[in-house]
Every structure is written in structure tokens, then in C-alpha cells.
Amino acid sequence: MAAKQPEKKDIDLLKEGVTRTQLISEFGAPVISEYKNGKRFEIFKFVQGYSTGTKAGRAFLHGAANVATLGLWELVGTPTEITFSGDDMAFQVQYDESDVVEEVVIIKKE
């Protein structure tokens, strides 16, 4: 399960001056996209995961623990991996007329 956790997203892109295209390539399509007062607003939701190195390390440790305990580690390891399945995040982004970020508002960050 550790190796199948979501990838880590580059949340440093959520700042003024970044293009809409860059955000979509990193976070995927927004869940909401609408115009208010002539400005585009979008909401991005995603699960913030883990780096490849972290996922590989966790998978290795779980595998070693399974071997050392003759499989009993699964009783502890499986619920642990379910708990550490990434953090739900949501951001509202406001763009200027050129689809460049003007403002980012955190909606949910765990």
C-alpha cells in the first residue's frame, strides 16, 4: 500500500504570477471554474501525497517487517498505511485577464 500512495504535488506553484496552464498540469483540471465580476475563479482539490523516495522507503520497511514477523506485521502495517494516505487539500485561485494567478485562498489544508 505504501508504494501506491498519491504523488507529492508542488504546492509552491500556488502563488501570484503562475499561469493557469502550469496549475492544471500540476494539479489536474479544477473541480469548479466560473467567472465572477469579469474574473475567472477556480477551485482545485487534490490529495497531497508523498515523494517517490518516501514511498519506496516505507514500502521497504513494511516488506522487511513482514518478513521479520512472518506476516504478522500486516495487522499493524495495513491500518497504518490507511491512516497515512495523504492530506486532502483545496485552493481557490483568482486569475487576471491573461489567466495568470492574482490570488490564492486556502480552503482546506490538512
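Quantities reported herein were computed from a predicted structural model and do not represent experimental measurements.

Time to look at the pairing of strand β2 (residues 39–48). The element β2 is largely enclosed, with a buried count of seven among its 10 residues. The turn linking strand β1 (residues 32–36) back onto β2 is made up of two residues, and Asn-37 within it adopts a positive phi angle of 55°. Pairing of β2 with strand β3 (residues 87–95) involves eight bridges; the strand directions are antiparallel. Paired with Glu-42 across the bridge in β3 is Val-93.

Evaluated as defined, the whole model comprises five salt bridges. The residue Glu-42 makes a salt bridge to Arg-20 at a minimum N-O spacing of 2.7 Å. Of this pair, Glu-42 sits in strand β2 while Arg-20 sits in helix α1 (residues 20–27); the two residues are 22 residues apart in sequence, bridging distant segments of the chain. Assessed through its relative accessible area of 21%, Arg-20 is described here as partly exposed. For Arg-40, the salt bridge is made with Asp-99, and the minimal N-O distance between the two is 3.1 Å. A residue pair is termed long-range when its members are at least 10 positions apart, and Arg-40 in strand β2 and Asp-99 in the loop between β3 and β4 (101–109) qualify at 59 residues. Overall, Asp-99 belongs to the partly exposed group, its relative accessible area being 22%.

Counted by the stated rule, this structure contains three aromatic pairs. Ring centres of Phe-27 and Phe-46 lie 4.7 Å apart, and the angle between their planes is 25°; this geometry places the pair in the stacked category. Placement of Phe-27 in helix α1 and of Phe-46 in strand β2 is noted, with a sequence separation of 19 residues between them. Across the pair, Phe-46 and Phe-27 agree in class, each one buried. Measuring from centroid to centroid gives 6.1 Å for Phe-46 and Phe-91, while their planes differ by 15°, and the two rings are stacked. With a gap of 45 residues between them, Phe-46 in strand β2 and Phe-91 in strand β3 connect regions that are remote in the sequence. Take Phe-46 and Phe-91: they sit in the same class, and that class is buried. Aromatic ring contacts, followed pair by pair, group Phe-27, Phe-44, Phe-46 and Phe-91 into a single cluster. Sitting over the face of the ring of Phe-41, Lys-36 holds its NZ or CZ atom 5.2 Å from the ring centroid.

Cut-offs applied
- Residues numbered from 1 in each chain as written.
- Predicted model: local features only at pLDDT ≥ 70, side-chain atom pairs only at ≥ 80, totals over all residues.
- Heavy atoms only, no water.
- Buried < 20%, exposed > 50% of the residue type's maximum accessible area, 1.4 Å probe, protein only.
- Helix = DSSP H or I, 4+ residues; strand = E, 2+ residues; numbered from the N terminus.
- Pairing = 2+ DSSP bridges.
- Salt bridge = Lys/Arg side-chain N within 4 Å of Asp/Glu carboxyl O.
- Phe/Tyr/Trp six-rings, centres within 6.5 Å; stacked < 30°, edge-to-face > 60°.
- Lys NZ or Arg CZ within 6 Å of the ring centre and 35° of its normal.

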